[in-house]
Amino acid sequence: MIQVEQKETIRILYFIKRHSVAADCQRTRTLPEDDQESDYRCPQRPQYRLTAGRPSLVMGPYLDTIKTWLEVDKSRPAKQRHTAHRIYARLVNECGFTGAERTVREHVAKLRPTFAEMFIPLEFDPGTDAQCDWGVAQVSLQAS
């Protein structure tokens, strides 16, 4: 029987380090039939993801310029702020940018501020207010 720690070690070797199943079994000293290749590739299990984004080779030199333009835009009226298309046009004309507009749009979307969901918590003194939900239910009462 394979232990949870061994199974996780095999998953790391398979998914992250890209080792073969046979190599995984040798490293963890388990038998391939115990290992059950499909067991640790099961879709219900969590998938590994990149922890840090890859550097952008095309946009890297221009990110500071875009950040500066967006900072200046904060003090301008909404109608006078840069759109992603206008930022792309300025990069091409003023800075000699050779990338695609879609790349600029994606990076501008990441740089623009996002608003967190806001709510007001309801707090009442005990016994002063009540809340109820309306619904339908069937109840079966039996005499004991």
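Residues numbered from 1 in each chain as written. Predicted model: local features only at pLDDT ≥ 70, side-chain atom pairs only at ≥ 80, totals over all residues. Heavy atoms only, no water.

**Things to note about helix H7 (residues 101–111)**
For step 1, the next point in the chain: Buried residues of H7: Val 104, His 107 and Val 108, and no others. The buried residues of H7 occupy one face: seen down the axis, they fall within an arc of 105°. In H7, those exposed residues whose orientation departs by more than 90 degrees from the buried face are Arg 102, Ala 109 and Lys 110. (Buried < 20%, exposed > 50% of the residue type's maximum accessible area, 1.4 Å probe, protein only. Helix = DSSP H or I, 4+ residues; strand = E, 2+ residues; numbered from the N terminus. Arc of directions from axis to C-beta.)

**Quick look at the pattern of salt bridges**
For step 1, the next point in the chain: What the rule picks out here adds up to five salt bridges.
For step 2, the next point in the chain: Notably, a salt bridge pairs Asp 73 with Arg 76, separated by 3.5 Å at the nearest N-O pair.
For step 3, the next point in the chain: Of the residues examined, Asp 73 reaches a relative accessible area of 3% and is grouped as buried.
For step 4, the next point in the chain: Judged by relative accessible area, Arg 76 falls into the partly exposed class, the value being 32%.
For step 5, the next point in the chain: One salt bridge in this structure joins Glu 94 and Arg 90, with 3.1 Å as the shortest N-O distance. Of this pair, Glu 94 and Arg 90 are both found in helix H6 (residues 84–95), four residues apart, which corresponds to roughly one turn of the helix. (Salt bridge = Lys/Arg side-chain N within 4 Å of Asp/Glu carboxyl O.)

**Topic: the packing of helix H5 (residues 63–73) against H6**
For step 1, the next point in the chain: For the pair H5 and H6, the least separation of the axes is 11 Å and the interaxial angle reads 130°. Comparing the axis directions of H5 and H6 gives the class oblique. In this structure, H5 crosses over H6, and the sense of that crossing is right-handed. Along its contact with H5, which presents Ile 66, Trp 69 and Leu 70, the element H6 presents Ile 87, Arg 90, Leu 91 and Glu 94. (Axes fitted to C-alpha atoms, helices over the stretch in contact; angles between N-to-C directions. Parallel < 35°, antiparallel > 145°, perpendicular 65-115°, else oblique. Left-handed = near helix turned anticlockwise from the far one by under 90°. Contact = heavy atoms within 4.5 Å.)

**Focus on the packing of aromatic side chains**
For step 1, the next point in the chain: For the coordinates displayed, the defined rule picks out two aromatic pairs.
For step 2, the next point in the chain: Judged by centre distance (5.1 Å) and plane angle (90°), the ring pair of Tyr 62 and Phe 97 falls under edge-to-face. Taken together, the residues Tyr 62 in the loop between helix H4 (37–40) and H5 and Phe 97 in the loop between H6 and H7 connect sequence positions 35 residues apart. Phe 97 matches Tyr 62 in its accessibility class, with the two residues each being buried.
For step 3, the next point in the chain: The interplanar angle of 85° and the centroid separation of 6.2 Å between the aromatic rings of Tyr 88 and Phe 97 together place this pair among those described as edge-to-face.
For step 4, the next point in the chain: A residue is classified by how much of its surface remains accessible, and Phe 97, at 5% relative accessible area, is buried.
For step 5, the next point in the chain: Counting every residue linked through ring pairs, the aromatic cluster contains Tyr 62, Tyr 88 and Phe 97.
For step 6, the next point in the chain: Here Arg 90 stacks its cationic end above the ring of Trp 69, 4.0 Å away from the centre of that ring. (Phe/Tyr/Trp six-rings, centres within 6.5 Å; stacked < 30°, edge-to-face > 60°. Lys NZ or Arg CZ within 6 Å of the ring centre and 35° of its normal.)

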